[in-house]
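Each chain, written out:
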Amino acid sequence: AQSVTQLDSQVPVFEEAPVELRCNYSSSVSVYLFWYVQYPNQGLQLLLKYLSGSTLVESINGFEAEFNKSQTSFHLRKPSVHISDTAEYFCAVRPSQGAQKLVFGQGTRLTINP
Amino acid sequence: KAGVTQTPRYLIKTRGQQVTLSCSPISGHRSVSWYQQTPGQGLQFLFEYFSETQRNKGNFPGRFSGRQFSNSRSEMNVSTLELGDSALYLCASSVSGGAGETQYFGPGTRLLVL
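What counts and how
Residues numbered from 1 in each chain as written. Chains lettered and ligands numbered in written order. Predicted model: local features only at pLDDT ≥ 70, side-chain atom pairs only at ≥ 80, totals over all residues. Heavy atoms only, no water. Contact = heavy atoms within 4.5 Å. Buried area = accessible area lost by both parts, 1.4 Å probe. Polar contact = N/O pair within 3.5 Å; in protein donor to acceptor, adjacent residues only side chain to side chain. Helix = DSSP H or I, 4+ residues; strand = E, 2+ residues; numbered from the N terminus. Phe/Tyr/Trp six-rings, centres within 6.5 Å; stacked < 30°, edge-to-face > 60°. Buried < 20%, exposed > 50% of the residue type's maximum accessible area, 1.4 Å probe, protein only. Lys NZ or Arg CZ within 6 Å of the ring centre and 35° of its normal. Disulfide = S-S within 2.5 Å. Pairing = 2+ DSSP bridges. Axes fitted to C-alpha atoms, helices over the stretch in contact; angles between N-to-C directions.

As for the interface of chain A and chain B
The accessible area lost on association of the parts is a frequent measure of interface size.
1) Next: Chain A puts 22 residues into the contact, and the matching count from chain B is 23 residues.
2) Next: Across the chain A to chain B interface the summed buried area is about 1,700 Å²; carbon plus sulfur atoms make up 50%.
3) Next: Along the contact surface separating chain A from chain B lie six residue pairs in polar contact (both at pLDDT 80 or more).
4) Next: For the side of chain A that touches chain B, the secondary structure elements donating two or more residues are strand S5 (31–38), strand S6 (44–50) and strand S10 (87–95) of chain A.

Listed below in structure tokens is the structure:
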């Protein structure tokens, strides 16, 4: 079985400040890792994912995440946040073999203050 | 391409009633997954359908059921509603449900049980 822990339920930051949203996972099998974002009153949108290759993955809107196998982490970072980044962020894992479900963390609410 | 659509967007029911929610996946997508999102439990997997067959099931009671039609549209049904069934129900589609595929989420159906 897999589990995901997002270490912070809420993260308030000032606009243009850097941010890191932490995610740790547990799994006895190889997994793929995902970050999804949920804006108010909307469904989830994929932000980025790690399948293989370079451990640093980037999204088109400036977020990046680094897969660290030894620490079983997949933290999400952005060097300078904008008001429009206010949303809830979910880390998720899925076994890399077979048709298996996505397992989500509890989410981190990112609030950007002007 | 049109995104994942879910109907209705909002629903109010009373305890003991039943409800049917509908999901239309992105054209060409054959895998449809359903998730329940609540403040207390977060995002939990309900089930996945592929080519009209349930391929995966989460840990929910038998009151929760679903089906998929030949055009890949999916419905989920909850019978004998309980107060705890109040939640946002999210549907997600992908091409074939492969582990590394992106799941595209709909806006959700918000169900309130009184």
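Some details on the packing of aromatic side chains
1) Next: One pass over the full model with this rule turns up 13 aromatic pairs over all chains.
2) Next: An angle of 80° between the planes, with centres 5.4 Å apart, marks the rings of Tyr36(A) and Phe105(B) as edge-to-face. Of this pair, Tyr36(A) sits in strand S5 while Phe105(B) sits in strand S10 (residues 104–105), which puts the two residues in different chains. Each member of the pair, Tyr36(A) together with Phe105(B), is buried.
3) Next: In this structure Phe105(B) comes out as buried when scored by relative accessible area, which is 10%.
4) Next: Members of the aromatic cluster, each reached through a chain of ring pairs, are Phe34(A), Tyr36(A), Phe90(A), Phe104(A), Tyr35(B), Phe45(B) and Phe105(B).
5) Next: Arg55(B) extends its terminal NZ or CZ atom over the ring of Phe50(B), reaching a point 4.4 Å from the ring centre.

Remarks on the state of the cysteines
1) Next: Using the criterion set out here, one finds two disulfides over all chains in the structure.
2) Next: Bridging Cys23(A) to Cys91(A), the disulfide has an S-S length of 2.0 Å. Taking the sign of the S-S torsion, about -65° here, the bridge from Cys23(A) to Cys91(A) comes out left-handed. Highlighted residues: Cys23(A) in strand S4 (residues 23–26) and Cys91(A) in strand S10, separated in sequence by 68 residues.
3) Next: Looking at Cys23(A), the relative accessible area reads 0%, which means it is buried.
4) Next: What makes Cys91(A) buried here is its relative accessible area of 0%.
5) Next: Between the sulfur atoms of Cys23(B) and its disulfide mate Cys91(B) the distance is 1.7 Å. Every disulfide takes its handedness from the sign of the S-S torsion; for Cys23(B) and Cys91(B) that torsion is -45°, giving left-handed. You can see Cys23(B) sitting in strand S3 (residues 19–24) and its partner Cys91(B) sitting in strand S9 (residues 87–94), a full 68 residues away along the chain.
6) Next: A residue is classified by how much of its surface remains accessible, and Cys23(B), at 0% relative accessible area, is buried.

Topic: the sheet that holds S3(B)
Residues and elements named next belong to chain B.
1) Next: With respect to topology, four strands assemble into an open sheet ordered S1-S3-S8-S7, the strand pairing being antiparallel. The open sheet is flanked by strand S1 (5–7) and strand S7 (64–68), the only strands paired with a single partner. Going from strand to strand, the sheet's axes swing by 20° on average, the running direction of each strand aside.

Let's talk about the side chain of Ser93(B)
Residues and elements named next belong to chain B.
1) Next: Residue placement: Ser 93 occurs in strand S9.
2) Next: Residue class for Ser 93 comes out buried when judged on its relative accessible area of 0%.
3) Next: Contacts of Ser 93, omitting those with residues within four sequence positions, involve Val 4, Pro 25, Ile 26, His 29, Ser 31, Val 32, Thr 102, Gln 103 and Tyr 104.

Describing the side chain of Gln36(B)
All names here are of chain B.
1) Next: Position of Gln 36 among the secondary structure elements: in strand S4 (residues 31–38).
2) Next: Judged by its relative accessible area of 5%, Gln 36 is buried.
3) Next: A distance of 3.0 Å separates the side chain of Gln 36 from the side chain of Tyr 89, its partner in a polar contact.
4) Next: With residues up to four places along the chain from it excluded, the contact list for Gln 36 reads Gly 42, Leu 43, Gln 44, Leu 46, Phe 60, Phe 64, Gly 84, Asp 85, Ala 87, Leu 88 and Tyr 89.

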